[in-house]
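A look at the structure
If you want the building blocks of each chain, they are given just below.
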Amino acid sequence: MNYLLKVTLTGLLSGMIGTGIGGLTVFFVSGINKRLLSFVLEFSAGLMTAVVCFKLLPEAIGFGGIILTLAGVAAGVLSIVCVEEIINKKGRKKTVVGSKAIVSRKAALSEKKVLGRKTAGNTDIKTTGLLRAGILMAIGIAIHNFPEGFAIGAGFEASVSLGIILTAVIVIHDIPEGIAMAVPMKLGGYSSKKAFFLTLLSGAPMGLGTLLGAILGKVSTDFVGICLAFAAGAMLYVVHAELIIESKKLYMGRLPSLGNVTGIICGIIISMLN
């Protein structure tokens, strides 16, 4: 029980520290450097990709074999796809409602002749969109933190070194995510303290995922392999279907690609040293 508590706290703290460090930016900046954020996103994407491919998956194959590993990876990918579909459907509903409200607001503004009122109204519309984007980002990241915690829990069951590596990589990976959700909430009208608190809270599900991964990893060595593979599939999908895409939306230059390559090289070195 003492061991499970330590592992769970490790996962919980790593999730909250990672997003929390990113969330601290709301106290120091009013905007955000898109080039820098894009670089950090791609660096963390490359780092996670290398660690998954050169450390996590080989460990999974060693415990459960190739067939179970492939099945676990597929299950991990499908689970995140299903979760994303649910989030997207809710997001589309909110967008439709929000669009109707904006149209109504614009119609009301068109009847007003005072320029100052028009400017204030347009600002309200812009901040509402930013706030909604920040909240949806926080919900999505909170859900994605669960399989990352699962990876930490299963990683510690496989070996202490793997658990430590995954914890460190996930903390680094969560920093830009914390920035990406905190800044829109701040610019959308939330106070710095509230935006930071919600960002910190989004890392909490990682503790639950860590606990579940550690418990299921105790069932058998085959199950450890399946758990690791499931986490690997989920993390790979999040990296390549979300992180990299969001990075390209922010900035399309060479800098993000260099960040990705640098992250991959660092991930390979970390995997080889442990």
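What you are looking at is a predicted structure, and each value in this text was computed from that prediction instead of being measured.

1. So, helix 7 (residues 221-250)
Across its 30 residues, helix 7 extends 42 Å between first and last C-alpha, which sits within 8% of the 44 Å expected from 1.5 Å per residue. In the structure, helix 7 departs most strongly from a straight axis at V239, where the bend amounts to approximately 35°.

2. Thoughts on the packing of aromatic side chains
The tally for this structure, following the rule as stated, stands at two aromatic pairs. With 5.5 Å between their ring centres and 65° between their planes, F150 and F230 make a pair best called edge-to-face. Placement of F150 in helix 3 (residues 115-158) and of F230 in helix 7 is noted, with a sequence separation of 80 residues between them.

3. With respect to the confidence of the model for the chain
In the predicted model, the chain carries a mean pLDDT of 79, and the fraction of residues at 70 or more is 80%. Contacts from residues 111-115, a stretch scored under 50 in pLDDT, to residues over four places away or in other chains number three contacts. Confidence drops under pLDDT 50 across residues 117-123; counting only partners more than four residues distant or on other chains, this segment forms seven contacts.

4. Section: the side chain of T167
Among the structural elements, T167 can be located in helix 4 (residues 160-187). Looking at T167, the relative accessible area reads 11%, which means it is buried. The residues contacting T167, other than those within four sequence positions of it, are T10, S14, I152 and F156.

5. Description of the packing of helix 1 (residues 2-23) against helix 5 (residues 192-201)
Relative orientation of the contacting elements helix 1 and helix 5 amounts to 155°, with a least axis distance of 7 Å. On the basis of the axis angle, helix 1 is roughly antiparallel to helix 5. Seen along the crossing, helix 1 lies across helix 5 with a hand that is right-handed. Where helix 1 approaches helix 5, its residues M16, T19, G20 and G23 are matched on the opposing element by F196, T199 and L200.

6. Looking at the nonpolar core
Counting residues in each nonpolar core, the largest one holds 38 residues, and the members touching the most others are V52, L56, L228 and M235. Elements represented by at least two residues in this core include exactly helix 1, helix 2 (34-110), helix 3, helix 4, helix 6 (205-216) and helix 7. The element contributing the most residues to this core is helix 7, with eleven residues. If we skip the residues at most four places from it in the chain, L228 touches L56, E59, A60, F63, A151, A154, G155, A158 and L162.

7. A short note on the pattern of salt bridges
Taken as a whole and assessed by the stated rule, the structure comprises two salt bridges. The residue K218 makes a salt bridge to E157 at a minimum N-O spacing of 3.7 Å. Taken together, the positions of K218 in the loop between helix 6 and helix 7 and E157 in helix 3 put the pair 61 residues apart, joining distant regions of the chain.

How each quantity is defined
Residues numbered from 1 in each chain as written. Predicted model: local features only at pLDDT ≥ 70, side-chain atom pairs only at ≥ 80, totals over all residues. Heavy atoms only, no water. Helix = DSSP H or I, 4+ residues; strand = E, 2+ residues; numbered from the N terminus. Expected span 1.5 Å × (residues − 1). Bend = angle between axes of the 7 residues up to and from the residue. Phe/Tyr/Trp six-rings, centres within 6.5 Å; stacked < 30°, edge-to-face > 60°. pLDDT = per-residue confidence, 0-100. Contact = heavy atoms within 4.5 Å. Buried < 20%, exposed > 50% of the residue type's maximum accessible area, 1.4 Å probe, protein only. Axes fitted to C-alpha atoms, helices over the stretch in contact; angles between N-to-C directions. Parallel < 35°, antiparallel > 145°, perpendicular 65-115°, else oblique. Left-handed = near helix turned anticlockwise from the far one by under 90°. Core = buried A, V, L, I, M, F, W, Y, C linked by side-chain atoms within 4.5 Å. Salt bridge = Lys/Arg side-chain N within 4 Å of Asp/Glu carboxyl O.

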